[in-house]
Amino acid sequence: MEPPALSQDQRRNPLDQLPVPPGKLAYGCWRLAGTWNAAAIDDERRKQAETAVMTAIDAGFTVFDHADIYCDGEAEQLFGDTLKKQPSLREKIILASKCGIRFAGKPDPQSPYRYDFSKDHIIRSCEGSLKRLGTDHLDILMLHRPDFLGHPYEVAEAVVYLQSRGMIRLFGASNFSLSQIEMYHRAGVKIAVHQIEISLVAHQAVSDGRLDQCIQHHITPMAWSPLSRGFLGDGLRPDFEHQTSETGSSLLETMDEIAGEIDTNRSGVALAWLLKHPAGIMPVIGSIHPERIRKAMQASRIELSRDHWYRLTEAALGSRLP
Ligand SMILES: NC(=O)c1ccc[n+]([C@@H]2O[C@H](COP(=O)([O-])OP(=O)(O)OC[C@H]3O[C@@H](n4cnc5c(N)ncnc54)[C@H](OP(=O)(O)O)[C@@H]3O)[C@@H](O)[C@H]2O)c1
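Residues numbered from 1 in each chain as written. Predicted model: local features only at pLDDT ≥ 70, side-chain atom pairs only at ≥ 80, totals over all residues. Heavy atoms only, no water.

**Things to note about the packing of aromatic side chains**
Applying the stated criterion across every chain, the model contains 14 aromatic pairs. Note on Trp273 and Trp309: the rings are 5.4 Å apart at their centroids and 5° apart in plane angle, and the pair reads as stacked. Residue Trp273 is found in helix H10 (residues 266–275), and its partner Trp309 is found in helix H12 (residues 306–317); the two are separated by 36 residues along the sequence. Trp273 gets classed as buried once you look at its relative accessible area, which sits at 3%. When the ring of Trp309 is compared with that of Tyr310, the centres are 5.1 Å apart and the planes differ by 80°; the resulting orientation is edge-to-face. Under the relative-accessibility criterion, Tyr310 is labelled partly exposed at 39%. Sitting over the face of the ring of Trp30, Arg31 holds its NZ or CZ atom 4.4 Å from the ring centroid. The ring of Tyr161 has Arg165 sitting right over it, with the charged end atom 3.6 Å from the ring centre. (Phe/Tyr/Trp six-rings, centres within 6.5 Å; stacked < 30°, edge-to-face > 60°. Helix = DSSP H or I, 4+ residues; strand = E, 2+ residues; numbered from the N terminus. Buried < 20%, exposed > 50% of the residue type's maximum accessible area, 1.4 Å probe, protein only. Lys NZ or Arg CZ within 6 Å of the ring centre and 35° of its normal.)

**Describing the side chain of Gln195**
Structurally, Gln195 is set in strand E8 (residues 193–197). According to the relative accessible area criterion, Gln195 is buried, its value standing at 2%. Not counting the four nearest positions on each side in its chain, Gln195 is found in contact with Asp65, Lys98, Met142, Ala173, Ser174, Asn175, Met222, Trp224 and Val284. (Contact = heavy atoms within 4.5 Å.)

**So, the nonpolar core**
Counting 81 residues, the largest nonpolar core has Tyr27, Leu32, Phe61, Phe64 and Phe79 as its most contacted members. Excluding its chain neighbours within four sequence positions, the residues that come into contact with Phe61 are Leu25, Ala26, Tyr27, Ala56, Ile285, Ile293, Ala296 and Met297. (Core = buried A, V, L, I, M, F, W, Y, C linked by side-chain atoms within 4.5 Å.)

**Side note on the pattern of salt bridges**
Within the structure shown, the criterion is met by 17 salt bridges. Where Glu157 meets Lys119, a salt bridge forms, and the shortest distance between an N and an O atom there is 3.6 Å. Here Glu157 is found in helix H5 (residues 152–164), whereas its partner Lys119 is found in helix H4 (residues 119–133), with 38 residues between them in sequence. With a relative accessible area of 44%, Glu157 lands in the partly exposed category. (Salt bridge = Lys/Arg side-chain N within 4 Å of Asp/Glu carboxyl O.)

**Thoughts on helix H11 (residues 290–299)**
For H11, every residue scored as buried is listed here: Ile293, Ala296, Met297 and Ala299. Projected down its long axis, H11 carries its buried residues within an arc of 160°, all on one side. Contacts made by the buried residues of H11 are with strand E1 (26–28), helix H2 (43–59), H10 and strand E10 (282–285). (Arc of directions from axis to C-beta.)

Here's what the structure looks like:
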């Protein structure tokens with residue numbers, strides 16, 4: 001399938017400009033700290049986080065997804081501590097982080113929970129991420145959630161500032177609407193990745209135009225919570241009562257049937273469903289369990305047939321396609 005109107009350059013995925021090949025999956029670092037309370041991180045958790053990161057690197061993950069807010073910076077710090085022990089790892093990986101969400105009570109006790117795309121905040125947040133990760137540049141910096149008061153020209157100034165100083169390579173967005181991505185593009189802010197929730201449970205992006213837009217603008221969609229926080233993981237979990245609801249259990253049943261047909265497990269099917277989409281979705285895996293991290297990478301080699309994909313999509317919708 002050759003798009004005739006596009007030049008070679010226009011067709012290029014921005015991620016291909018990075019010095020390290022991104023691969024099909026990313027490793028999400030949100031759960032590394034295992035808590036939102038920095039004071040609760042003990043030595044055991046530090047060890048667990050280091051093991052998870054090293055397992056992911058050994059399994060072949062190259063893209064690592066962070067945010068300044070994950071445990072208030074502690075997830076980046078844990079990752080940075082691991083990198084510090086083996087600095088040569090930095091040049092083998094792609095580091096992504098996000099900014100733009102600000103917690104209540106910071107910096108002043110009366111500050112509300114809010115979004116902030118001011119130039120000053122974007123730059124200061126990026127500087128903080130670089131410091132905690134112990135690196136001089138991020139490969140990708142994303143805006144975490146749309147700031148209703150943000151203006152793309154001001155964001156553009158921040159991007160120019162950071163890129164001209166070599167502090168970031170690519171820029172991206174997360175949880176944006178179609179019109180917000182369009183607005184930023186038209187203002188000259190090149191969005192290289194769009195991180196959104198996509199899974200067999202949260203599948204709206206497949207039909208609401210966001211994935212079509214990714215194809216159109218050569219944006220790599222990154223799927224957060226690809227296993228819907230474990231709902232689509234293997235086995236039944238007592239904390240997911242809806243796994244036994246009618247739609248939930250029939251989706252899981254179809255997934256298990258297909259897993260049997262192609263010799264994988266349920267989470268393998270969940271990831272393969274995402275990877276089949278022509279937009280080149282990059283699932284962001286959130287497990288800190290070494291065996292699950294390795295299995296996810298193995299699953300990324302599975303190819304679903306068109307029939308399998310549509311059987312799963314129908315089961316996810318809970319009704320027949322029109
Ligand atoms: N941009 C955004 O707004 C946004 C929002 C949320 C997340 N994210 C990114 O996306 C990444 C992934 O999100 P996520 O962690 O929700 O992804 P996920 O892969 O859907 O869920 C991971 C969770 O599911 C559990 N799990 C997986 N398989 C399981 C199984 N078979 N049995 C029991 N539990 C299982 C994991 O537990 P174990 O650790 O025990 O395996 C972990 O708690 C985050 O790290 C973050 O980087 C971005």
